[in-house]
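Observations on the model geometry
Below are the chains, spelled out letter by letter.
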Amino acid sequence: ENVKDQPVIPPIGTGIAGRVIGSIEIRDTGNPKGWGAFCVSKLARHEFLGFYDGKEVQSIDSLLNREYIMAIKGGVAYLDGFERSQNRNVFSPVHLNHADKSSSDCNCLRVLCEDNANVAFFTSRTIQVGEELCFDYGQNYWVGREHEKI
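Below: a short report on this structure. (Residues numbered from 1 in each chain as written. Predicted model: local features only at pLDDT ≥ 70, side-chain atom pairs only at ≥ 80, totals over all residues. Heavy atoms only, no water.)

What about the layout of surface pockets?
Space inside the second largest pocket adds up to approximately 300 Å³. If you trace the second largest pocket, you find ten residues lining it, with Lys 101, Cys 106, Cys 108, Leu 109 and Arg 110 closest to the centre. At three residues, strand 8 (residues 108-112) tops the list of elements feeding residues into the lining of the second largest pocket. (1 Å grid on protein atoms, 1.4 Å probe; cavity = no way out; pocket = protein on both sides within 12 Å on 5 of 7 lines; lining within 4 Å. Points joined across faces, edges and corners; volume = space filled by probe spheres on them. Helix = DSSP H or I, 4+ residues; strand = E, 2+ residues; numbered from the N terminus.)

Digging into the side chain of Thr 123
Here Thr 123 shows up in strand 9 (residues 119-123). Its relative accessible area of 0% is what places Thr 123 among the buried residues. A polar contact is formed between the side chain of Thr 123 and the backbone nitrogen of Glu 47, at a distance of 2.9 Å. (Buried < 20%, exposed > 50% of the residue type's maximum accessible area, 1.4 Å probe, protein only. Polar contact = N/O pair within 3.5 Å; in protein donor to acceptor, adjacent residues only side chain to side chain.)

Structural notes on the environment of Phe 122
Counting through the fold element by element, Phe 122 comes out in strand 9. Residue Phe 122 is classed as buried on the basis of its relative accessible area of 1%. Expressed as a C-alpha distance, the spacing of Phe 122 and Phe 135, which sit 13 residues apart in the sequence, is 9.5 Å. For Phe 122, the contacting residues outside a window of four places in its chain are Pro 7, Val 8, Ile 9, Pro 10, His 46, Glu 47, Phe 48, Leu 49, Asn 107, Cys 108, Leu 109 and Val 111. (Contact = heavy atoms within 4.5 Å.)

A look at the pattern of salt bridges
A full pass over the atoms with the stated rule returns eight salt bridges. Between Arg 84 and Asp 53 there is a salt bridge, with its nearest N and O atoms 3.5 Å apart. Placement of the pair is Arg 84 in helix 2 (residues 82-85) and Asp 53 in the loop between strand 3 (48-51) and strand 4 (55-57), with a sequence separation of 31 residues. With a relative accessible area of 21%, Arg 84 lands in the partly exposed category. As a salt-bridge pair, Arg 125 and Glu 131 come within 2.6 Å of each other at their nearest N and O atoms. (Salt bridge = Lys/Arg side-chain N within 4 Å of Asp/Glu carboxyl O.)

Here you go:
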């Protein structure tokens, strides 16, 4: 994608707009993905979906659950979003499921912030009512769990 066509990252700490939060519902996907984020009101392209919510950890070895991790700082640290993921009443990027980048189901994108410690999420295209919001987790996420890839 053209660099000029990329979304603008808001200042670190910027919250998700109320109308965006109100446009997304967390519910059971009805498939092995479990819970997911679904659009209940149309979302525009490049809509800011928030920063990944998680506690910074230096190693994933001690984590009991590795389903909600986001690599930061070049892969030497991680954001552990498990605790935040348990609150399904209000959307957070931790609720986004995977879809391969080549699939039309991949309708969100992540952008590593300049501080290398925060990750911003945006819609990559207009999202219609009923669509699940998904992004590509990347190849590293699936190492050692290839059999789990949906």
